[in-house]
Amino acid sequence: MRGLHRWLWAMVAALVCALPGMAHHSFAAEFDANKTVTIKGVVSKVDWVNPHIFIYVDVKDANGKTTTWALQSLPPLFFRGSGLTKDVLMNKQEVTVTANPAKDGTQAYGFMTKLSYADGHVFSMSPADADPSLRQKGK
Amino acid sequence: MGLANHRTLTLGALAAAVLIAPLGAQAQTNYAAEAARNPGAASKPTPRTADGHPDLNGVWHHFFGIGTIQKVGDSFTVGGAFSPQSGALYNTPLGDSKPPYKAAAAEKVTLLDANQVKEDPALHCISPGVPRIGPPHQIVHTPKQVVFLYADSTGNQWRVIPLDGRAHSTDPETAATYNGDSVGHWDGDTLVVDVTRLTDETWLGDNGLFHSRRLHVTERLKRVGETIQYQVTMEDPEVFEKPWTLSRTLTLQPDALEEAAPCVDNDAGHYVTKEHHDNTR
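Quick notes on the rules
Residues numbered from 1 in each chain as written. Chains lettered and ligands numbered in written order. Predicted model: local features only at pLDDT ≥ 70, side-chain atom pairs only at ≥ 80, totals over all residues. Heavy atoms only, no water. Helix = DSSP H or I, 4+ residues; strand = E, 2+ residues; numbered from the N terminus. Buried < 20%, exposed > 50% of the residue type's maximum accessible area, 1.4 Å probe, protein only. Areas by Shrake-Rupley, 256 points an atom, 1.4 Å probe, with all protein chains shown as cover. Contact = heavy atoms within 4.5 Å. Pairing = 2+ DSSP bridges. Polar contact = N/O pair within 3.5 Å; in protein donor to acceptor, adjacent residues only side chain to side chain. Expected span 1.5 Å × (residues − 1). Phe/Tyr/Trp six-rings, centres within 6.5 Å; stacked < 30°, edge-to-face > 60°. Lys NZ or Arg CZ within 6 Å of the ring centre and 35° of its normal. Salt bridge = Lys/Arg side-chain N within 4 Å of Asp/Glu carboxyl O. Axes fitted to C-alpha atoms, helices over the stretch in contact; angles between N-to-C directions.

Visitor: Can you help me understand the overall build of chain A in this one?
Guide: A tally of helices and strands in chain A yields 3 helices and 6 strands. Starting at the N terminus, the α and β elements of chain A follow one another as α-β-β-β-α-β-β-β-α. Counting every position in chain A, which comprises 139 residues, the buried fraction comes to 47%. Of the roughly 7200 Å² that chain A leaves accessible, carbon and sulfur atoms contribute 58%.

Have a look at this one:
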């Protein structure tokens with residue numbers, strides 16, 4: 001038992017020490033994980049392509065001018081059997097999107113971290129966002 | 001295939017696995033996920049074709065299409081073989097040995113690996129080629145030939161492998177290609193596929209594992225129940241000290257192979273820094 005405790009503490013210590021390493025995103029060569037932008041708009045196009053699908057969101061500014069954001073997501077095969085399809089994403093509702101912007105300064109280009117609908121349901125990179133209370137609210 | 005995804009299990013990855021576990025996601029390889037879909041597969045009967053050879057027909061592997069987006073209530077979230085924390089596939093290491101590069105070649109591997117996001121051909125929609133494309137996703141087995149089908153992230157691929165005893169093409173005008181020139185024969189119950197004429201434009205894995213035009217690949221497939229023991233040996237006397245062999249166990253899958261989505265390299269111009277982008281098979 002004592003050995004097990006020692007091992008567990010070692011794991012906790014390893015975990016804590018390793019946390020800064022979590023910033024090493026595999027997409028970090030392209031997107032800035034330390035910055036987040038939030039936009040509101042409507043999904044106008046989805047490119048169901050390898051190696052990553054792209055979701056395009058039309059965002060209107062105060063003057064009525066539309067900017068189309070290109071948002072990278074995951075490889076198409078990740079969606080296999082999930083029920084999340086191109087048609088589901090193209091549902092004409094207003095969405096709020098958070099994204100990590102491009103490191104190279106390209107405007108309106110980012111990695112999508114969360115797409116939220118007005119009724120509370122989400123498509124998120126973080127499992128914690130699919131919280132049951134949030135889902136109930138969405139019903 | 002996760003071919004040559006041989007980076008050591010770092011403390012960070014270990015910690016990520018510990019961190020993910022309570023969230024209910026499973027840290028596992030595609031191969032383990034596929035095995036779980038057909039319990040006891042190796043103990044099932046081994047069907048044979050009319051000519052007595054083990055029947056290799058079937059869908060055996062799905063690349064990494066193991067349902068890594070999950071529906072939770074009305075929401076969708078990431079799970080399976082993907083870590084939301086690290087943004088990377090955290091397939092557990094497949095226990096591969098280290099590729100036995102000669103010293104001079106190893107230096108080039110290090111250099112290519114450091115620039116992987118720019119240099120890795122398969123990350124930019126170029127065919128991974130044999131053997132990086134991995135074991136066949138589907139096999140169509142006839143008495144005179146077997147056909148390997150792949151729904152790869154770079155596009156749909158096929159290899160026609162004659163079993164009629166012919167030798168490799170000796171036509172000097174025949175170009176080297178991504179999937180090479182394959183001929184097959186039976187060694188008892190094992191299908192042996194010999195591959196030559198492979199282009200040196202491909203890598204053997206996503207860590208800068210380049211090879212020369214002298215690459216010679218031998219694949220061995222042995223059906224055991226509803227599994228296939230797949231072994232691939234790479235010989236390249238120009239860059240390797242000795243042959244390099246990797247093994248995988250494939251499991252017969254219940255569903256059909258899906259056509260791969262087209263590959264469009266939207267990222268190429270946007271890489272600024274040099275963090276590795278996992279691109280395993």
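From this point, the narrative continues.
Visitor: Sorry if this is basic, but what is going on with the overall build of chain B here?
Guide: Secondary structure assignment for chain B yields 4 helices and 13 strands. Looking at chain B residue by residue over its 281 residues, the buried ones come to 52%. Look at the contacts in chain B between residues 6 or more apart in sequence, and 64% of them connect residues 24 or more apart. Total accessible area on chain B stands at roughly 11700 Å², and carbon and sulfur atoms take up 54% of it.

Visitor: Which parts of the structure should I look at to understand the pairing of strand β3 (residues 75–78) of chain B?
Guide: As a general feature of sheets, a regular strand has side chains that alternate between the two faces. Residues S75 and T77 of chain B line one face of β3 of chain B and the alternating positions F76 and V78 of chain B line the opposite face, and both faces are buried. When strand β6 (residues 122–124) of chain A meets β3 of chain B, the two strands line up parallel, connected through 2 bridges. Residue pairing in the sheet places S124 of chain A in a bridge with T77 of chain B of β3 of chain B. Bridge count between strand β2 (residues 69–72) of chain B and β3 of chain B: 4 bridges; the pairing is antiparallel. Within the sheet, the bridge partner assigned to I69 of chain B lies in β3 of chain B and is V78 of chain B.

Visitor: Looking at this structure, I do not really get the environment of V95 of chain A. What am I missing?
Guide: Residues and elements named next belong to chain A. Along the chain, the position of V95 falls in strand β4 (residues 94–101). Under the relative-accessibility criterion, V95 is labelled buried at 1%. Taking the C-alpha atoms as reference points, V95 and W48, separated by 47 residues in sequence, lie 19 Å from one another. Dropping the residues within four chain positions of it, V95 is found in contact with I39, K40, G41, V43, V57, L115, S116 and Y117.

Visitor: Just checking my understanding: could you explain the side chain of S212 of chain B for this structure?
Guide: Along the chain, the position of S212 of chain B falls in the loop between β10 (190–196) and β11 (216–224). Looking at S212 of chain B, its side chain comes within polar contact range of the main-chain nitrogen of R214 of chain B, at 2.9 Å.

Visitor: Explain the pairing of strand β2 (residues 54–60) of chain A to me, please; I cannot follow it from the model alone.
Guide: All names here are of chain A. Counted residue by residue, β2 has 5 buried out of 7 residues, so it is predominantly covered. Relative to β2, strand β1 (residues 37–47) runs antiparallel, the two being bridged by 5 bridges. Note that in β2 the partner of D47 across the bridge is F54. Here β1 hands over to β2 after 6 residues, the two strands then running antiparallel side by side. Across 7 bridges, β2 lies against strand β3 (residues 66–72) in antiparallel orientation. Paired with D58 across the two strands is T68, which belongs to β3. Counting the residues in the hairpin turn of β2 and β3 gives 5 residues, including G64, whose phi is positive at 85°.

Visitor: Looking at this structure, how should I read the environment of I161 of chain B?
Guide: Residues and elements named next belong to chain B. Among the structural elements, I161 can be located in strand β8 (residues 155–162). On a C-alpha basis, the gap between I161 and V183 in space is 5.3 Å, while along the polypeptide they are 22 residues apart. Ignoring anything within four residues of it in the chain, the contact list for I161 reads K144, Q145, V146, F148, S182, V183, G184 and V193.

Visitor: Help me out: how do you make sense of helix α3 (residues 103–114) of chain B in this one?
Guide: Taking 1.5 Å of rise per residue, 12 residues should cover 16 Å, and α3 of chain B covers 17 Å from first to last C-alpha, within 8% of that figure. Contact partners of the buried residues in α3 of chain B: α4 (116–119) of chain B.

Visitor: I would appreciate a short explanation of the packing of aromatic side chains in the present structure.
Guide: Throughout the structure, instances matching the rule amount to 11 aromatic pairs over all chains. Ring centres 5.9 Å apart and planes at 15° place the aromatic pair Y101 of chain B and F210 of chain B in the stacked group. With Y101 of chain B in the loop between β5 (88–89) and α3 and F210 of chain B in the loop between β10 and β11, this residue pair connects regions lying 109 residues apart in the sequence. In this pair, the class of Y101 of chain B matches that of F210 of chain B, namely buried. Through successive ring pairs, a cluster of aromatic residues spans F27, F31, F54, Y56, Y109 and F111 of chain A. The ring of Y56 of chain A has K45 of chain A lying over it, and the distance from NZ or CZ to the ring centre is 4.7 Å. For the cation-ring pair, K108 of chain B lies above F210 of chain B, with the distance from its terminal atom to the ring centre recorded as 4.2 Å.

Visitor: Mind showing me how you'd approach the pattern of salt bridges here?
Guide: Close approach of charged atoms allows side chains with opposite charge to pair. One pass over the full model with this rule turns up 13 salt bridges over all chains. The shortest N-O distance in the salt bridge between D120 of chain B and R132 of chain B comes to 2.8 Å. Here the residue D120 of chain B occupies a position in the loop between α4 and β6 (138–141), and R132 of chain B occupies one in the loop between α4 and β6, the gap between them amounting to 12 residues. An identical accessibility class is assigned to D120 of chain B and R132 of chain B; each is buried. If you follow the salt bridges from partner to partner, you end up with R80 of chain A together with R37, D255 and E258 of chain B in one network.

Visitor: How should the sheet that holds β8 of chain B be read in this particular structure?
Guide: Sheet strands line up and pair through hydrogen bonds in the backbone, either parallel or antiparallel. All names here are of chain B. In space, the 4 strands of this open sheet follow the order β1-β6-β7-β8, with antiparallel pairing throughout. Only two strands of the sheet have a single partner each, and these edge strands are β1 (58–59) and β8. Here 8 bridges tie strand β7 (residues 145–152) to β8, and the two strands are oriented antiparallel to one another. Looking across to β8, one finds that Y150 is bridged to Q157.

Visitor: What is the right way to look at the sheet that holds strand β9 (residues 181–187) of chain B in this model?
Guide: All names here are of chain B. Here 5 strands make up an open sheet; going across it, the order is β9-β10-β11-β12-β13 and the pairing antiparallel. Either end of the sheet is taken by a strand with one partner, and the two such strands are β9 and β13 (244–251). Shown here is a sheet whose adjacent strand axes are inclined to one another by a mean of 20°, direction ignored. Taken together, the 8 bridges between strand β12 (residues 227–235) and β13 define a ladder with antiparallel strand orientation. The residue bridging M234 from the neighbouring strand is W244, located in β13.

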